[in-house]
Amino acid sequence: MGMAAPEREVDGRPGSAARAMLEALVASAPNNVSAVVRLAQLHTDENHLDAASELLENTLKLKLKKPEQEQVLLAKAALLLRQSDWEAARKLCDSVLKE
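To keep things clear, this report deals only with the structure shown in the data block.

Brief notes about the overall build of the chain
Turning to step 1, where the next piece is worked out: Secondary structure summary: the chain contains 5 helices and 0 strands in total.
Turning to step 2, where the next piece is worked out: Counting from the amino terminus, helix and strand elements in the chain follow one another as α-α-α-α-α.
Turning to step 3, where the next piece is worked out: Looking at the chain as a whole, 31% of its 99 residues are labelled buried.
Turning to step 4, where the next piece is worked out: Total accessible area on the chain is roughly 6,600 Å²; 56% of this is exposed by carbon and sulfur atoms.

Structure representation (structure tokens):
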């Protein structure tokens, strides 16, 4: 088996091709929760926590089915943990579990 080719860079940063594709997908289908959560994870990995938070908050304003809403809420809880906001993350997880 050959090695996979390295990911192309769009703006000189590793992973930027994936980010650009996800951003385009989310722009065209903002209710694509899988793409939203993955893009939020990329923002978080790059320490763009405000961008990740804004993306998740905007997605929560959409009409989502319960499983999709829970997926976004859990992604938000993970972001809160990254920000060391343990109590807010716990409350968010508790709210998902109670529903």
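Overview of the side chain of K76
Turning to step 1, where the next piece is worked out: Within the element layout of this structure, K76 appears in helix α4 (residues 66-82).
Turning to step 2, where the next piece is worked out: Setting aside residues up to four positions removed in sequence, K76 forms contacts with S53, L56, E57, L60 and L92.

Quick word on unusual backbone geometry
Turning to step 1, where the next piece is worked out: With phi around 65°, N47 is a residue other than glycine that occupies positive phi space.
Turning to step 2, where the next piece is worked out: Positioned with a positive phi, S84 is a non-glycine residue whose angle comes to about 60°.
Turning to step 3, where the next piece is worked out: With respect to the secondary-structure elements, S84 resides in the loop between α4 and α5 (86-98).

Quick look at the packing of α4 against α5
Turning to step 1, where the next piece is worked out: Two elements in contact, α4 and α5, have axes whose closest approach is 8 Å; the angle formed by their N-to-C orientations is 165°. Considered as vectors, α4 and α5 are oriented roughly antiparallel to each other. Judged by the twist between their axes, the crossing of α4 over α5 is left-handed. Judged by residue contacts, E70, L73, L74, K76, A77, L80 and L81 of α4 engage W86, A88, A89, L92, C93 and V96 from α5.

Conventions and cut-offs
- Residues numbered from 1 in each chain as written.
- Predicted model: local features only at pLDDT ≥ 70, side-chain atom pairs only at ≥ 80, totals over all residues.
- Heavy atoms only, no water.
- Helix = DSSP H or I, 4+ residues; strand = E, 2+ residues; numbered from the N terminus.
- Buried < 20%, exposed > 50% of the residue type's maximum accessible area, 1.4 Å probe, protein only.
- Areas by Shrake-Rupley, 256 points an atom, 1.4 Å probe, with all protein chains shown as cover.
- Contact = heavy atoms within 4.5 Å.
- Axes fitted to C-alpha atoms, helices over the stretch in contact; angles between N-to-C directions.
- Parallel < 35°, antiparallel > 145°, perpendicular 65-115°, else oblique.
- Left-handed = near helix turned anticlockwise from the far one by under 90°.

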